[in-house]
Amino acid sequence: MEHYNKSEILQRVKEEGVEFIRLQFTDMFGMLKNIAIPASRLTLAMENHCTIDLASLEGFANGEETELYLKPDLNTFAILPWRPQNGKVARFICDICLEDGTQYLSSPRYILKKSIEKAAGLGYTFQLNPECEFFLFHTDDNGMPTTLTHERAGYLDTSPIDLGENTRRDIILTLEEMGYEIASSHHEIASAQHEIDFTFEDALATADKVMTFKMAVRTIAKRYGLHATFMPKPKKEANGSGMHLNMRLLKDGKNVFTDENGKLSRQGEAFLAGILHHVPAMTAVFNPLVNSYKRLVKGFEAPSEITWSNTQRNALVRIRNTKRLGIGLELRSPDSAANPYLLAALCLEAGLDGILNNMTAPAELKEDIRGLSSEEKRQKKIKDLPENLGIALEVMQKDPLIYEVFGEAFTTAYQKAKIKEWKNYLEQISAWELERYLYLV
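Everything numeric here is computed off the predicted structure, so don't read it as measured data. (Residues numbered from 1 in each chain as written. Predicted model: local features only at pLDDT ≥ 70, side-chain atom pairs only at ≥ 80, totals over all residues. Heavy atoms only, no water.)

Asker: Looking at this structure, how should I read the overall build of the protein?
Answerer: Of the regular secondary structure elements, the protein holds 12 helices and 16 strands. In terms of overall size, the protein behaves like a compact globule, its C-alpha atoms giving a radius of gyration of 22 Å where 441 residues would be expected to give roughly 22 Å. For the C-alpha atoms alone, the extent of the protein along its principal axes is close to 70 × 55 × 50 Å. Here the protein, with 441 residues, has 53% of them falling under the buried criterion. Considering only intrachain contacts with a sequence separation of at least 6, the fraction spanning at least 24 residues in the protein is 70%. Per element, the accessible surface of the protein, about 21000 Å² overall, is 50% carbon and sulfur. Within the protein, the 61 negative side-chain charges are centred at a point lying 2 Å from the centre of the 52 positive side-chain charges. (Helix = DSSP H or I, 4+ residues; strand = E, 2+ residues; numbered from the N terminus. Rg over C-alpha atoms; globule rule 2.2 N^0.38 Å. Buried < 20%, exposed > 50% of the residue type's maximum accessible area, 1.4 Å probe, protein only. Contact = heavy atoms within 4.5 Å. Areas by Shrake-Rupley, 256 points an atom, 1.4 Å probe, with all protein chains shown as cover. Lys, Arg positive; Asp, Glu negative; His and termini not counted. Charge placed at Lys NZ, Arg CZ, Asp CG, Glu CD.)

Written out as structure tokens, the structure reads:
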């Protein structure tokens, strides 16, 4: 990504014929929001004079002053390639501030920035490389999404079997035009399922990138008459879509997860142990939807137990070692419904908690967990992840780390909204219930 100052941005807007600016921010639940202003108000926007009314956004107001200010991060300036060439549109990702310029405590982006500052105070830099999976489905005659596809491609297939290859290519070209570096892309296991992988970057830039990525994917897919969905489990018979998170921790430019023998270091183990210790409570954020837990079931690729391994691909945390980058930790449970700012903040803080308290990881998983019986898992002290959103929310309430990272007000608001969502789901009558019970009972 290029870095601009105010005068350079004003000059580029003039030269490129940009007429509208989108000031974007992310809400509590990872949804991208924005207001649009004409380019004539760009100077005012860069001086933090643009306001938003958060009264109608769940989880933000909480009885506080609802008119807040958007502070554009100049490093996130980008012209949106898919908008008209005459009358172009640019965007900034913004922080949310009070009138005096101080950060709004319930902003997900600020929550991550605060965790990054804590790590920096200890000498650490946190880098991430997410693997984002999604489906490309047909739309109906009214343009509404379906779960239908003509495609029958599988893992790493290419055209003409992979019918989404052109869409995926245009997504990558669009992101590169915006200044993002893409590592690779491929067709995933399920029909119509795809994955695009980034390169390692600092945590804040990565979270910003994920929000931009999701917007670009949906927009380009629509051009092809398709609907791109990051829903964790849209089809019961197919693998779900996750957002595996590869993590590295640097100190003085060196990867602290790698020891002098090229193996997982003691600090790396402690960071891993912190993740495993707190992951039950963090799951309500990593997997925030009722539907998320239909992906985390036994028999598919996603993990359902709390394990780690050097060799087993189905472990919750996989130790990955490359010649160029050294040891990385791949967390495999999160999905793309997660707010990337909250996801990154919790991973960093849980890992730091492991380092600061010198935690030790449990025994490594060395066999395929799908071949272990319930009794064998019990003997090995392997615990399950929360099996639904209701349980995950109960566990979340009991971990002080969540309140420390998010703050009392944010945690309470998140819990309140998600408990409401869970209870609403429990009230629904599914087609499965009608099919199974209506005739019998």
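Asker: Which parts of the structure should I look at to understand the pattern of salt bridges?
Answerer: A side chain of one charge can pair with a side chain of the opposite charge if their charged atoms are brought near each other. A full pass over the atoms with the stated rule returns 23 salt bridges. When the shortest N-O distance is used, the salt bridge between aspartate 95 and arginine 109 registers 3.0 Å. You can see aspartate 95 sitting in strand β6 (residues 88-97) and its partner arginine 109 sitting in helix α3 (residues 108-121), a full 14 residues away along the chain. Both residues of the pair, aspartate 95 and arginine 109, count as buried. Linking arginine 109 and aspartate 208 is a salt bridge whose minimum nitrogen-to-oxygen distance equals 2.7 Å. Taken as a pair, arginine 109 in helix α3 and aspartate 208 in helix α5 (residues 203-223) lie far apart in primary sequence, 99 residues in all. For the pair formed by arginine 109 and aspartate 208, the shared burial category is buried. Overlapping salt bridges bring together Asp73, Asp95, Arg109, Lys113 and Asp208 as one network. (Salt bridge = Lys/Arg side-chain N within 4 Å of Asp/Glu carboxyl O.)

Asker: Looking at this structure, I do not really get the state of the cysteines. What am I missing?
Answerer: A covalent bond bridging the sulfur atoms of two cysteines is what the word disulfide describes. Tallying each qualifying case throughout the model produces zero disulfides. Not part of a disulfide, cysteine 94 finds its nearest cysteine sulfur in cysteine 50, a span of 8.2 Å. (Disulfide = S-S within 2.5 Å.)

Asker: So what exactly am I meant to see when it comes to the pairing of strand β9 (residues 193-198) here?
Answerer: On any regular strand, side chains alternate: one points to one face of the sheet, the next to the other face. Burial analysis of β9 places six of its six residues in the buried class, which makes it a mostly covered element. Alternating residues of β9 divide into Gln193, Glu195 and Asp197 and His194, Ile196 and Phe198, and every residue in both groups is buried. As defined by bridge partners, strand β7 (residues 124-138) adjoins β9 across five bridges and the pair is classed as antiparallel. Residue phenylalanine 134 lies in a different strand from β9, and its bridge partner there is histidine 194. In this structure, strand β8 (residues 182-187) lies alongside β9, joined through five bridges in antiparallel fashion. Its bridge partner lying in β9, isoleucine 182 is registered against phenylalanine 198. In this structure, the hairpin formed by β8 and β9 is closed by a connection of five residues, where alanine 192 is found at a positive phi of approximately 70 degrees. (Pairing = 2+ DSSP bridges.)

Asker: So what exactly am I meant to see when it comes to helix α11 (residues 408-426) here?
Answerer: The periodicity of an α-helix, 3.6 residues per turn, causes residues three or four positions apart to be oriented the same way. Along its 19 residues, α11 runs 27 Å from first to last C-alpha, staying within 8% of the 27 Å computed at 1.5 Å per residue. Within α11, the full set of buried residues consists of Phe410, Thr411, Ala413, Tyr414, Gln415, Ala417, Lys418 and Trp422. In the core, the buried residues of α11 are packed alongside α3, α6 (266-286), α7 (340-356), α9 (389-396) and α10 (400-406). (Expected span 1.5 Å × (residues − 1).)

Asker: Got a minute to help me understand the packing of α3 against α5 in this structure?
Answerer: The interhelical angle for the contact between α3 and α5, taken along N-to-C directions, is 160 degrees, at an axis separation of 10 Å. The pairing of α3 with α5 is recorded here as roughly antiparallel in orientation. Crossing angle aside, the handedness with which α3 passes α5 is right-handed. Residue-level contacts link Arg109, Leu112, Lys113 and Ile116 of α3 to Ala203, Leu204, Ala207 and Asp208 of α5. Counted by class, the contact of α3 with α5 contains five nonpolar, no polar and three charged residues. (Axes fitted to C-alpha atoms, helices over the stretch in contact; angles between N-to-C directions. Parallel < 35°, antiparallel > 145°, perpendicular 65-115°, else oblique. Left-handed = near helix turned anticlockwise from the far one by under 90°. Nonpolar A, V, L, I, M, F, W, Y, C, P; charged D, E, K, R; others polar.)

Asker: What's the story with the pairing of strand β4 (residues 67-72) in this structure? I'm lost.
Answerer: Sheet analysis places strand β3 (residues 50-53) next to β4, joined by four bridges and oriented antiparallel. In the sheet register, aspartate 53 faces β4, and the bridge partner there is glutamate 67.

Asker: Sorry, what's going on with a negative patch on the surface here?
Answerer: A grouping of Asp53, Glu67, Glu99 and Asp100 is seen on the molecular surface, where their side chains present a negatively charged patch. Summarising the element assignment, glutamate 67 is placed in strand β4. With relative accessibility at 42%, the residue glutamate 67 sits in the partly exposed group. (Patch = residues over 30% accessible without salt bridge, like charges linked within 9 Å, V, L, I, M, F, W, Y side chains within 5 Å.)

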